[in-house]
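For reference, the chains in residue letters:
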Amino acid sequence: MSKVIDLVESNITKAVEDLGYEIVEITYKKYLGDMNLTIFIDKDGGVDLNGCELVHKTIDPILDEIDPTNGEKYILNVSSPGIDRPLKTERDYKRNMDTEVNVSLFEKVGDLKKFVAILRGYDLQKGIITVEYKENDIDLEIKNIALIKPEIKF
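Residues numbered from 1 in each chain as written. Predicted model: local features only at pLDDT ≥ 70, side-chain atom pairs only at ≥ 80, totals over all residues. Heavy atoms only, no water.

### A word on the side chain of Asn96
- Secondary-structure assignment places Asn96 in the loop between helix H3 (90-95) and strand E4 (100-109).
- Take Asn96: its relative accessible area is 11%, and that puts it in the buried class.
- Engagement of the side chain of Asn96 in a polar contact is seen with the backbone oxygen of Asp92, the distance being 2.8 Å.
- Setting aside residues up to four positions removed in sequence, Asn96 forms contacts with Leu87, Leu119 and Pro150. (Helix = DSSP H or I, 4+ residues; strand = E, 2+ residues; numbered from the N terminus. Buried < 20%, exposed > 50% of the residue type's maximum accessible area, 1.4 Å probe, protein only. Polar contact = N/O pair within 3.5 Å; in protein donor to acceptor, adjacent residues only side chain to side chain. Contact = heavy atoms within 4.5 Å.)

### A closer look at unusual backbone geometry
- In the Ramachandran plot, Asp67 falls in the positive-phi region, its phi being about 45° despite a non-glycine side chain.
- Phi at Glu135 takes a positive value of approximately 65°, unusual for a residue other than glycine.

### Focus on the sheet that holds strand E7 (residues 136-141)
- Read from one edge to the other, the open sheet built from five strands follows the order E7-E6-E5-E4-E8, with strand pairing classed as antiparallel. Edge positions in the open sheet fall to E7 and strand E8 (145-150), since each of these has one partner strand only. On average, each strand axis in the sheet is tilted by 40° relative to the strand beside it, whichever way the strands run.
- The pairing of E4 with strand E5 (residues 112-123) spans six bridges and is antiparallel. Among the inter-strand pairings, Val109 is bridged to a residue of E5, identified as Leu112. (Pairing = 2+ DSSP bridges. Axes fitted to C-alpha atoms, helices over the stretch in contact; angles between N-to-C directions.)

### Quick notes on the pairing of E5
- Once E4 ends, the chain turns through two residues before running back antiparallel as E5, passing Gly110 with a positive phi of about 65°.
- Pairing between E5 and strand E6 (residues 128-133): five bridges, direction antiparallel. Bridging from a neighbouring strand, Asp123 pairs with Ile128 of E6.
- Taking the residues that link successive antiparallel strands as the turn, the E5-E6 hairpin has four residues, and the phi of Gly127 there is positive, at about 75°.

### Notes on the packing of helix H1 (residues 3-18) against helix H2 (residues 49-66)
- Contact geometry for H1 and H2: axes closest at 10 Å, N-to-C directions at 140°. With respect to H2, the element H1 is oriented oblique. The handedness of the crossing between H1 and H2 is right-handed. Of H2, the residues touching H1 (which contributes Leu7, Val8, Asn11, Ile12, Ala15 and Val16) are Val55, Thr58, Ile59, Ile62, Leu63 and Ile66.
- Residue composition of the contact of H1 with H2, by class: ten nonpolar, two polar and no charged. (Parallel < 35°, antiparallel > 145°, perpendicular 65-115°, else oblique. Left-handed = near helix turned anticlockwise from the far one by under 90°. Nonpolar A, V, L, I, M, F, W, Y, C, P; charged D, E, K, R; others polar.)

### A look at the pattern of salt bridges
- Tallying each qualifying case throughout the model produces 14 salt bridges.
- Put simply, Arg85 and Asp42 hold a salt bridge, and the shortest N to O gap is 2.7 Å. With a gap of 43 residues between them, Arg85 in the loop between strand E3 (75-79) and H3 and Asp42 in strand E2 (residues 34-42) connect regions that are remote in the sequence. You'll find Arg85 and Asp42 in the same group, each marked buried.
- Through salt bridges with shared partners, one network takes in Asp42, Arg85, Asp92 and Arg95. (Salt bridge = Lys/Arg side-chain N within 4 Å of Asp/Glu carboxyl O.)

### A look at a nonpolar patch on the surface
- Together, Ile83, Ile152 and Phe154 give the surface a local cluster of nonpolar side chains, amounting to about 430 Å² of exposed area.
- Within the secondary structure, Ile83 sits in the loop between E3 and H3. (Patch = residues over 30% accessible without salt bridge, like charges linked within 9 Å, V, L, I, M, F, W, Y side chains within 5 Å. Areas by Shrake-Rupley, 256 points an atom, 1.4 Å probe, with all protein chains shown as cover.)

### Topic: the packing of aromatic side chains
- In the structure shown here, the tally under the stated rule is two aromatic pairs.
- Ring geometry for Phe115 and Tyr133: centres 5.3 Å apart, planes at 70°, overall edge-to-face. With Phe115 in strand E5 and Tyr133 in strand E6, this residue pair connects regions lying 18 residues apart in the sequence.
- By relative accessible area, Phe115 is classed as buried at 6%. (Phe/Tyr/Trp six-rings, centres within 6.5 Å; stacked < 30°, edge-to-face > 60°.)

In short, the description is geometric, and any link to function would need to be established separately.
Shown next as structure tokens:
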């Protein structure tokens, strides 16, 4: 993680949690020619525009005080991560238990590299995700998972 992200996360987490939100991810990268600091938040029941605005107004003075970019200009964004965002936190895995997920692996497991399976378990401390594929449970190492996200059907 970058120093900017680490500094931001350590200084805003409590304020965001006090508002009832969870920080899902923080990114700091160039987009359309400008550096963008984006805070992705979530909470039970989802996030609306008013929630994003509340978090933005709460963390803006904190960021002004700590100056995480050492005076470099950036655009602050607060956003909902969306329903199809990758699973990253324990809460993400818990919320998606026994549902279909899209899995992409760095290296094949058997003949599988990209597939849809049912999330059956996780142990983030051990770095293992268990999925059911064609009625068989498969343990996947998290470090081999390039992407895992909910399967969205319309």
